[in-house]
Amino acid sequence: MITANKVIRANNISVNKVKHCRNYASFYKNVKDAEYQFMQKSKVPTMHFQKSLPRLPIPKLEKTGERYLNALRPLLSVEQFNQASTRTNDFVNNEGKILQSKLISKDKANKHTSYISDYWFDLYLRDREALPINYNPLLVFQNDNKQEYNDQLLRAANLLISAVRFMLSLREGILDPEVYHMNPKKSNTPMFRTVTGLLPEALSWYGAYLFKAFPLDMSQFVGLFGATRIPLIGKDKILRDPKSKHVLVQRKGNFYVFDVLDANGNLLTPQELLGNLSKIINDSTPQAEQPLGILTCQNRDVWAQQREYLVNMGNGEALNQLDTAIFNLVLDDDVIGDNKHKILEQYLHGDGLNRWFDKSFSLIVKKDGVAGINFEHSWGDGVAVLRFFQDIYNETTTKPFLHPDTKPSESNISVKKLDFKLDDKSKAFIDSAEREYKMWCDSLSIDYILYEGLTKGACKKYKVSPDCIMQLSFQAAYHLLKGKFVGTYESCSTSAFKHGRTETMRPCTEKTKAFCEGLNQGKSSKEELRAIMAECSSYHSQLVKEAAMGEGFDRHMFALMKIAEENDLPRSEIFNSYEYKFLNKSILSTSTLSAPSVMAGGFGPVAKEGFGIGYSAFTDKLGAAVTSYKNHNSSTEFVEALHKSFLDITKILSG
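Residues numbered from 1 in each chain as written. Predicted model: local features only at pLDDT ≥ 70, side-chain atom pairs only at ≥ 80, totals over all residues. Heavy atoms only, no water.

Draft legend 1. Looking closely at the overall build of the chain. On a plain count of helices and strands, the chain comes out with 24 helices and 18 strands. At a minimum sequence separation of 6, the contacts of the chain that also span at least 24 residues come to 77%. For the chain, the accessible area works out to roughly 27,800 Å², and carbon and sulfur atoms hold 52% of it. Charge centroids of the chain, computed over 83 positive and 75 negative side chains, lie 6 Å from each other. (Helix = DSSP H or I, 4+ residues; strand = E, 2+ residues; numbered from the N terminus. Contact = heavy atoms within 4.5 Å. Areas by Shrake-Rupley, 256 points an atom, 1.4 Å probe, with all protein chains shown as cover. Lys, Arg positive; Asp, Glu negative; His and termini not counted. Charge placed at Lys NZ, Arg CZ, Asp CG, Glu CD.)

Here it is, written out as structure tokens:
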């Protein structure tokens, strides 16, 4: 006999949702509705592995010194390197030991987290630079293969439904845990879920390890929804509402909110959600004369003072509606088409008039259905965002809830337009911010490259790392343009550890330097270059592995510097040195977020004199989006040099 409890367990329905049912007929209707409420109903609870995740290791001080010097070697003259070596060895043998001991003691006293987590949150939240371009990255979805589903209203509504279903699965604890499978055919199986699910939380990670599968930290996922970075003088804070029921929608610089969950916490029907969005899109309200969102494009202290002024004017409740919304859905009226330059510009910064960059993420949908995400970076990294991005893309393109012939419902319409009280002073804030932001955006140089002569598969066929080939090409391109080597940053996730964030991988090495000089200065034959390339690939893979395993040096040195500050100890000479500052000036700042669902990804330059390079090795091409400031560089010139490097490397690989 099928009992109510069996149905509850089989469908992972919460008791809270069942208790509203008055009879079996309504109960079984609720069971059917559960298929709609949740995107996933994992047998293994979302946070099942969290308790047993390994802790991020603190590297040995001597290894950090050694790795630091290895990263400096290709960047410095012999004399500079000798000075750096003396300074580093002195640090490792003296005050570094004191700081290391204090860092280890602090880490042992805080076993619930990682040694870098609090420092990294603090670093982001204390930075006073504006969020767009400087920090917020972009990710753009591939278009739906079914052209009729790329209608703005239809695609926005389907993305909204899938996003909230993802959130409800997360809230209910039935979202599939994020796991990296070394061999998915053997471990991404029902048996894996059964075995690890039966293990106690304290042992679950070890069970996964026996399958050669590695659960990843999911502590950042809660930061996706109902969250906003609030500007405050000196240091911002992150506000979160874990019970939020409404979404924020921006159109023509105006703000709207409506509930996507009913009084019982259930997701409204697809037709009802379509009806709410349809009302906003058909609203005749003109472009906002004073688009408040432009204020989020400014220096954080400036914006903090302005926000406080707006709150004192009586706008606190309206701002709270923005802050606590599940996420921000942006509806733009322009058409993108296949214009890649416009895609990068619009999703990186736009004109700021229809944005709220403080939200954890904004889902932006254009008039022709091109869609993507711009996300605030302090709360988390690419792992959580990319998982969310892929899951909602896959569902909306394979099993959408709304179709071209679906009619919107007129029931449960709760759209409310937010109005703000603005005086002449606050209007002057907005006018000034708009002028300054336009000048800033106009100073950017943005370009991209899609190179079909080499693919991810081809790189593996030639027994070289695709990531190494991309990074080697960046080094060769910069050397071709500037004739030198500079601090290069490649982001590497440490989410295999509890509260891991990122580590820096340093792709500019002695081996890449030898390759670039041999290539661009004609010092080496093709055979010699091919041999050097193999060495580059091997060493690159080693550095990536070390970084992913928490055995880099950048985060460790940063933590040692912070532990000295906490203990009122003198700042070590090494952190004020020329070489430390030179290495940490990221002239080439690079990051990859590769997935079949991603059309484009990128971010702004970290240094005024540098380049921001978002890249991917696809199954059919290599791609990169490049940003820089016109006063210092041309992204188009870099792309041209990069194209030459791709061609040269392809010739060398193919013999």
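Once the structure has been displayed, the description carries forward.
Draft legend 2. Examining the sheet that holds strand E13 (residues 488-493) more closely. Reading across from one edge, E12-E18-E17-E15-E13-E14 is the order of the six strands in this open sheet, with mixed pairing throughout. In this open sheet, the two strands that pair with only one neighbour each are strand E12 (444-451) and strand E14 (502-505). Taking the axes of each pair of neighbouring strands and ignoring which way they run, one obtains an average angle of 20° across the sheet. In this structure, E13 lies alongside strand E15 (residues 588-592), joined through three bridges in parallel fashion. Within the sheet, the bridge partner assigned to Tyr-489 lies in E15 and is Ser-589. This element, helix H18 (residues 466-482), spans E13, E15, strand E17 (611-617) and strand E18 (622-629) of the sheet and lies at about 145° to E17. The sheet contacts of helix H21 (residues 554-566) involve E13 and E14, and relative to E14 the element is tilted by about 115°. (Pairing = 2+ DSSP bridges. Axes fitted to C-alpha atoms, helices over the stretch in contact; angles between N-to-C directions.)

Draft legend 3. Local environment of the environment of Pro-74. Turning to its location among the elements, Pro-74 is positioned in the loop between helix H4 (61-72) and helix H5 (78-93). Given the relative accessible area of 3%, Pro-74 is considered buried. Here the alpha-carbon distance between Pro-74 and Asp-151, two residues 77 residues apart in the chain, equals 51 Å. Not counting residues up to four positions away in its chain, the partners in contact with Pro-74 are Phe-485, Cys-508, Thr-509, Glu-510 and Lys-513. (Buried < 20%, exposed > 50% of the residue type's maximum accessible area, 1.4 Å probe, protein only.)

Draft legend 4. Seen up close, the nonpolar core. Core analysis: the biggest nonpolar cluster contains 75 residues, and Phe-515 and Phe-638 have the highest contact counts within it. Dropping the residues within four chain positions of it, Phe-638 is found in contact with Phe-474, Ala-477, Tyr-478, Leu-481, Leu-588, Phe-611, Ile-613 and Val-626. If you look at the next biggest cluster of nonpolar residues, it comprises 60 residues, including Ala-156, Phe-221, Ile-373 and Phe-375. (Core = buried A, V, L, I, M, F, W, Y, C linked by side-chain atoms within 4.5 Å.)

Draft legend 5. Examining helix H16 (residues 424-442) more closely. The end-to-end C-alpha distance of H16, which contains 19 residues, comes to 27 Å, matching closely the 27 Å that a straight helix rising 1.5 Å per residue would cover. Looking at H16, one finds that the buried residues are Ser-426, Phe-429, Ile-430, Ala-433, Tyr-437, Trp-440 and Cys-441. Taken around the axis of H16, the buried residues stretch over an arc of 95°, which confines them to a single face. In this structure, H16 carries Asp-424, Arg-435, Lys-438 and Met-439 as exposed residues pointing more than 90 degrees from its buried face. Packed against the buried residues of H16 are helix H13 (300-324), E12 and E18. (Expected span 1.5 Å × (residues − 1). Arc of directions from axis to C-beta.)

Draft legend 6. Structural view of the pattern of salt bridges. Under the criterion given, the structure shown has 37 salt bridges. Here Asp-442 and Lys-438 are joined by a salt bridge, their closest N and O atoms 2.9 Å apart. In this pair, Asp-442 and Lys-438 are both assigned in helix H16, four residues apart and thus about one turn of the helix distant. A salt bridge links Asp-620 to Lys-621; the nearest nitrogen and oxygen atoms lie 3.3 Å apart. Via salt bridges that share partners, Arg-128, Arg-229, Asp-236, Arg-300, Asp-301, Asp-358 and Glu-376 belong to a single interconnected network. (Salt bridge = Lys/Arg side-chain N within 4 Å of Asp/Glu carboxyl O.)

Draft legend 7. Structural view of the packing of helix H20 (residues 526-548) against helix H24 (residues 635-654). Between H20 and H24, whose axes approach to 9 Å, the crossing angle comes to 95°. The orientation of H20 with respect to H24, classified from their angle, is roughly perpendicular. Listed contacts from H24 to Lys-526, Leu-529, Arg-530 and Met-533 of H20 are Ile-649, Lys-651, Ile-652 and Leu-653. For the contact of H20 with H24, the residue count by class is five nonpolar, no polar and three charged. (Parallel < 35°, antiparallel > 145°, perpendicular 65-115°, else oblique. Nonpolar A, V, L, I, M, F, W, Y, C, P; charged D, E, K, R; others polar.)

Draft legend 8. Broad picture of the sheet that holds strand E6 (residues 246-251). Reading across the sheet, the eight strands line up as E11-E7-E6-E8-E9-E10-E1-E16 and stay open at both edges, with mixed pairing between neighbours. The strands lining the two open edges of the sheet, one partner per strand, are strand E11 (416-418) and strand E16 (598-602). Each neighbouring strand pair of the sheet contributes to a mean axis angle of 25°, computed without reference to strand direction. Across four bridges, strand E8 (residues 328-331) lies against strand E9 (residues 361-365) in parallel orientation. Bridge assignment links Leu-329 to a residue of E9, and that residue is Leu-363. Here helix H15 (residues 382-398) sits on the sheet in contact with strand E1 (138-141), E9, strand E10 (371-375) and E16, set at roughly 15° to E1.

Draft legend 9. A look at the pairing of E6. Of all six residues that make up E6, six are buried, and the element is covered over most of its length. Residues His-246, Leu-248 and Gln-250 of E6 are buried on one face, and the alternating residues Val-247, Val-249 and Arg-251, pointing to the opposite face, are buried as well. When E6 meets strand E7 (residues 254-259), the two strands line up antiparallel, connected through six bridges. Opposite Arg-251, over in E7, you have Asn-254 as the bridge partner. Between E6 and E7, which pair antiparallel in sequence order, lie two residues; one of them, Lys-252, sits at a positive phi of approximately 55°.

Draft legend 10. Here's a closer look at the side chain of Asp-391. Within the element layout of this structure, Asp-391 appears in helix H15. Of the polar contacts made by the side chain of Asp-391, one reaches the side chain of Arg-387; its length is 2.8 Å. If near-sequence neighbours (up to four positions away) are discounted, Asp-391 is found in contact with Met-39, Gln-40 and Phe-166. (Polar contact = N/O pair within 3.5 Å; in protein donor to acceptor, adjacent residues only side chain to side chain.)

Draft legend 11. Region of the structure containing the environment of Leu-422. Residue placement: Leu-422 occurs in the loop between E11 and H16. As a C-alpha pair, Leu-422 and Gln-290 span 132 residues in sequence and 8.6 Å in three-dimensional space. Residues contacting Leu-422, with those up to four places away along its chain left out, are Gln-290, Leu-292, Leu-310, Met-313, Lys-427 and Ile-430.

Draft legend 12. Expanded view of unusual backbone geometry. Positioned with a positive phi, Ile-133 is a non-glycine residue whose angle comes to about 70°. Note that Ile-133 resides in the loop between helix H7 (117-126) and E1. With a phi angle near 55°, Asn-412 is a residue other than glycine that sits in the positive phi range. Tracing the backbone through its elements, the reader meets Asn-412 in the loop between H15 and E11.

Draft legend 13. Empty space enclosed by the protein, seen in detail. In total, this model carries eleven cavities of 30 Å³ or more according to the counting rule given. A volume near 160 Å³ is recorded for the largest cavity. Taken together, 15 residues form the lining of the largest cavity, with Arg-67, Arg-506, Leu-543, Glu-546 and Phe-553 sitting closest to its centre. Sorting the residues of the lining of the largest cavity by element identifies H4, E14 and H20 as the ones contributing at least two each. Among the elements that take part in the lining of the largest cavity, H20 stands out by supplying four residues, more than any other. Along the lines of polarity and charge, the residues of the lining of the largest cavity split into seven nonpolar, four polar and four charged. (1 Å grid on protein atoms, 1.4 Å probe; cavity = no way out; pocket = protein on both sides within 12 Å on 5 of 7 lines; lining within 4 Å. Points joined across faces, edges and corners; volume = space filled by probe spheres on them.)

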